[in-house]
There are 2 protein chains.
Amino acid sequence: MAETRSVDTRERILDAAEKLFTANGFDGTSMRQITGAAGVNLASVNYHFGSKEALVQEVFRRRLAWLNTERLRVLTTMEQAAGDKPLKPSQIVEGFFGTLLGMAQDEARGGVTFLRLLGRTLTDPADFIRTFLADEYQEVVERYKAALFKALPDVPRAEIAWRFHFMLGATSYAIAGTDALRLVTDWQVDDEDATDRLDRLQPRLMSFLLGGLRAPLPKF
Amino acid sequence: MAETRSVDTRERILDAAEKLFTANGFDGTSMRQITGAAGVNLASVNYHFGSKEALVQEVFRRRLAWLNTERLRVLTTMEQAAGDKPLKPSQIVEGFFGTLLGMAQDEARGGVTFLRLLGRTLTDPADFIRTFLADEYQEVVERYKAALFKALPDVPRAEIAWRFHFMLGATSYAIAGTDALRLVTDWQVDDEDATDRLDRLQPRLMSFLLGGLRAPLPKF
DNA sequence: AATTAATTCATACGTTCGTTTGAATGATAT
DNA sequence: ATATCATTCAAACGAACGTATGAATTAATT
């Protein structure tokens, strides 16, 4: 086997595809752009991945495998430390969304590029992407939701589920739109540089999420 | 002028395009699908709108014109009623996001279909869409942001801007993903039917948004 | 009724898309 | 060194795309 060659090609393709998908979307990125940017032959994608659709899935699988494992590890560790006691909501939120935001600083795990891609893709219209992502997320979301149910026994479960949903939205959007819809934040934060902005995003978002999670229940 | 014919054709195209864009995205929707669903000739789109890109913009302009006017009207009315006093944050949030969510019930203004399209499109990668949307939103966002600054004079402006951003995200996502990433809510809310769910979304979301907006400030 | 203008129509153009093919090249193993 | 296998490569495929064209049709104007 000619291992070094093919592994290189695979990863070069995945890296190039990740960047281009983030910048131009799936439909907006052609195989020729990807292979061109990766410096490999056009036919390589179909040889290594089978199809463009399969490439898209592999771009996500590569990153989500780690993210999901890490999220489960963090939750399990916290639950073991807590024994029978329920976790604090802030712990759970921090475990789920903090792990995600941590990837932004980790260039080897995709960094901001992948986060932006993920945030945007959660609302992608293409069926095969949504079902794929739902499958990948399912176990982790269930575990964290269960933890929240236990942590907030007096709050109706439907309410918690919805607020989880809202938290996901605020987070995805905060990441995906960091320089997308800058209009909201543009003139107020230009005293901070780009890296500073990202460092400060996490505590800011966490405060917001926790405030929303613990808000008074709506009166119907 | 053959007015009735062309007006019909224009609106049939816009309606069909709105639905198809929502279901399949912009790149995922072809001119032939649009004209086919609208029951008009393929060349009609280029005749009436000039290009596919221009059609996309018109799909939004048609709805956003009303939404923006209404948002400004609501804000102005509230400010006049308040005189010199600052508005309550809940009023401002209700004015901005309540107006939006109200469109869901208004089929003549696009209903849920347009809301879903709008929510998803705020993070669309295509440049011409983002700049177009930013232009359309600019004035309204500025006015509401200013109202929030006045309502929360002790909160740093950067913080308010960010939380506005987060609120936009939670809302967009709540709308766009209502049946997209159902995995979060699926098993907890199936006791409610579809219309019921949408009626209840608004108070639920408002509680969440206000909780987030008024959350304790993060400690850096 | 005749003329003009606006709209609709069938059809075709050139481009780009994802994918396939079969030969060339490289590395591994006997 | 030779045979075997995996990988790369240049080239081409048919399909689908957005757009343009010029004739046919319909409505409005005189």
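Here, the structure is the one placed above.
About the thresholds
Residues numbered from 1 in each chain as written. Chains lettered and ligands numbered in written order. Predicted model: local features only at pLDDT ≥ 70, side-chain atom pairs only at ≥ 80, totals over all residues. Heavy atoms only, no water. Helix = DSSP H or I, 4+ residues; strand = E, 2+ residues; numbered from the N terminus. Buried < 20%, exposed > 50% of the residue type's maximum accessible area, 1.4 Å probe, protein only. Contact = heavy atoms within 4.5 Å. Buried area = accessible area lost by both parts, 1.4 Å probe. Salt bridge = Lys/Arg side-chain N within 4 Å of Asp/Glu carboxyl O. Polar contact = N/O pair within 3.5 Å; in protein donor to acceptor, adjacent residues only side chain to side chain. Phe/Tyr/Trp six-rings, centres within 6.5 Å; stacked < 30°, edge-to-face > 60°.

Topic: the environment of Gly 169 of chain A
Now for step 1: Turning to its location among the elements, Gly 169 of chain A is positioned in helix H8 (residues 157-176).
Now for step 2: Looking at Gly 169 of chain A, the relative accessible area reads 0%, which means it is buried.
Now for step 3: The sequence separation of Gly 169 of chain A and Thr 123 of chain A amounts to 46 residues, and the corresponding C-alpha distance is 9.5 Å.
Now for step 4: Not counting residues within four places of it along the chain, the set of residues in contact with Gly 169 of chain A comprises Gly 169, Ala 170 and Tyr 173 of chain B.

Describing the interface of chain A and chain B
Now for step 1: At the junction of the two partners, chain A supplies 62 residues and chain B supplies 62 residues.
Now for step 2: Where chain A abuts chain B, roughly 5,500 Å² becomes buried across the two surfaces, and 73% of that area is made up of carbon and sulfur atoms.
Now for step 3: Taken as a group, Trp 162, Tyr 173 and Phe 208 of chain A account for 15% of the area that chain A buries against chain B, more than any other trio of residues on that side.
Now for step 4: Inspection of the chain A/chain B interface yields 2 salt bridges.
Now for step 5: A salt bridge links Arg 204 of chain B to Glu 159 of chain A; the nearest nitrogen and oxygen atoms lie 3.3 Å apart.
Now for step 6: At the boundary of chain A with chain B, the tally comes to 4 residue pairs in polar contact (both at pLDDT 80 or more).
Now for step 7: When residues of the side of chain A that touches chain B are traced back to their parent elements, those giving at least two are helix H1 (3-24), helix H7 (127-151), H8 and helix H9 (194-213) of chain A.

Re the environment of Arg 214 of chain B
All names here are of chain B.
Now for step 1: Within the secondary structure, Arg 214 sits in the segment after helix H9 (194-213).
Now for step 2: With a relative accessible area of 52%, Arg 214 lands in the exposed category.
Now for step 3: The spacing of Arg 214 and Leu 152 is 62 residues in sequence and 9.3 Å in space, taken between C-alpha atoms.

Comments concerning the packing of aromatic side chains
Now for step 1: Counted by the stated rule, this structure contains 19 aromatic pairs over all chains.
Now for step 2: Judged by centre distance (5.2 Å) and plane angle (55°), the rings of Phe 208 of chain A and Phe 166 of chain B are tilted. Here Phe 166 of chain B lies in helix H8 (residues 157-176) and Phe 208 of chain A lies in helix H9, a pairing that spans two chains. Side by side, Phe 208 of chain A and Phe 166 of chain B carry an identical accessibility label, which is buried.
Now for step 3: An angle of 35° between the planes, with centres 5.9 Å apart, marks the rings of Trp 162 of chain B and Phe 166 of chain B as tilted. You can see Trp 162 of chain B and its partner Phe 166 of chain B sitting in helix H8, 4 residues apart, about one turn around the helix. With respect to burial, Trp 162 of chain B and Phe 166 of chain B carry one shared label: buried.
Now for step 4: Feature note: the residues Trp 162, Phe 166 and Phe 208 of chain A together with Trp 162, Phe 166 and Phe 208 of chain B constitute an aromatic cluster, connected by ring pairs.

Such coordinate-based values are descriptive only and should not be taken to indicate function.
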